[in-house]
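Each chain, written out:
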Amino acid sequence: MMMTSGEAVKYKSSLHAFSQILKSEGPISHFIGAGGANILRVVAVACVLAGYDKLQMIVFGKKYGSGAA
């Protein structure tokens, strides 16, 4: 449920809201808040996955996986 705090409803749908924000604030406004901590999380997860593969190579001598490769 959208909170309007006593104001009139500004948007008819999510697509309408997306297009109005894009027109008034530009494309970068949709990505505000998507930096910093999320970028660090992505790097940390990539390091964990790479480290796990490396550990498999050290311990077992080969990489076990669920893919076709």
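Quick notes on the rules
Residues numbered from 1 in each chain as written. Predicted model: local features only at pLDDT ≥ 70, side-chain atom pairs only at ≥ 80, totals over all residues. Heavy atoms only, no water. Helix = DSSP H or I, 4+ residues; strand = E, 2+ residues; numbered from the N terminus. Buried < 20%, exposed > 50% of the residue type's maximum accessible area, 1.4 Å probe, protein only. Areas by Shrake-Rupley, 256 points an atom, 1.4 Å probe, with all protein chains shown as cover. Patch = residues over 30% accessible without salt bridge, like charges linked within 9 Å, V, L, I, M, F, W, Y side chains within 5 Å. Salt bridge = Lys/Arg side-chain N within 4 Å of Asp/Glu carboxyl O. Contact = heavy atoms within 4.5 Å. Polar contact = N/O pair within 3.5 Å; in protein donor to acceptor, adjacent residues only side chain to side chain. Expected span 1.5 Å × (residues − 1).

### A look at the overall build of the protein
Helix and strand content of the protein: two helices and zero strands. The burial tally for the protein puts 6% of its 69 residues in the buried class. Entry remark: accessible area of the protein is about 6,300 Å², with carbon and sulfur atoms responsible for 68%.

### Examining a nonpolar patch on the surface
Where nonpolar side chains cluster on the molecular surface, the patch consists of Tyr52, Leu55, Ile58, Val59, Phe60 and Tyr64 and spans about 690 Å² of accessible area. Of note, Ile58 is situated in helix α2 (residues 37–60). A residue is classified by how much of its surface remains accessible, and Ile58, at 64% relative accessible area, is exposed.

### A closer look at the side chain of Gln56
Residue placement: Gln56 occurs in helix α2. Gln56 has contacts with Gly61, Lys62, Lys63 and Tyr64, leaving out every residue within four places of it along the chain.

### Side note on the side chain of Ser29
Locating Ser29 in the fold gives a position in the loop between α1 (14–25) and α2. A polar atom in the side chain of Ser29 sits 2.7 Å from the backbone oxygen of Gly26.

### Brief notes about α2
Taking 1.5 Å as the rise per residue, α2 with 24 residues should run 34 Å; its terminal C-alpha atoms sit 34 Å apart, in good agreement. Directly beyond the C-terminal end of α2, a positive phi value near 85 degrees is found at Gly61.

### Quick notes on α1
With twelve residues, α1 should cover 16 Å at 1.5 Å per step; its first-to-last C-alpha distance of 16 Å lies within 8% of that length. At the C-terminal side of α1, Gly26 shows a positive phi close to 95 degrees.

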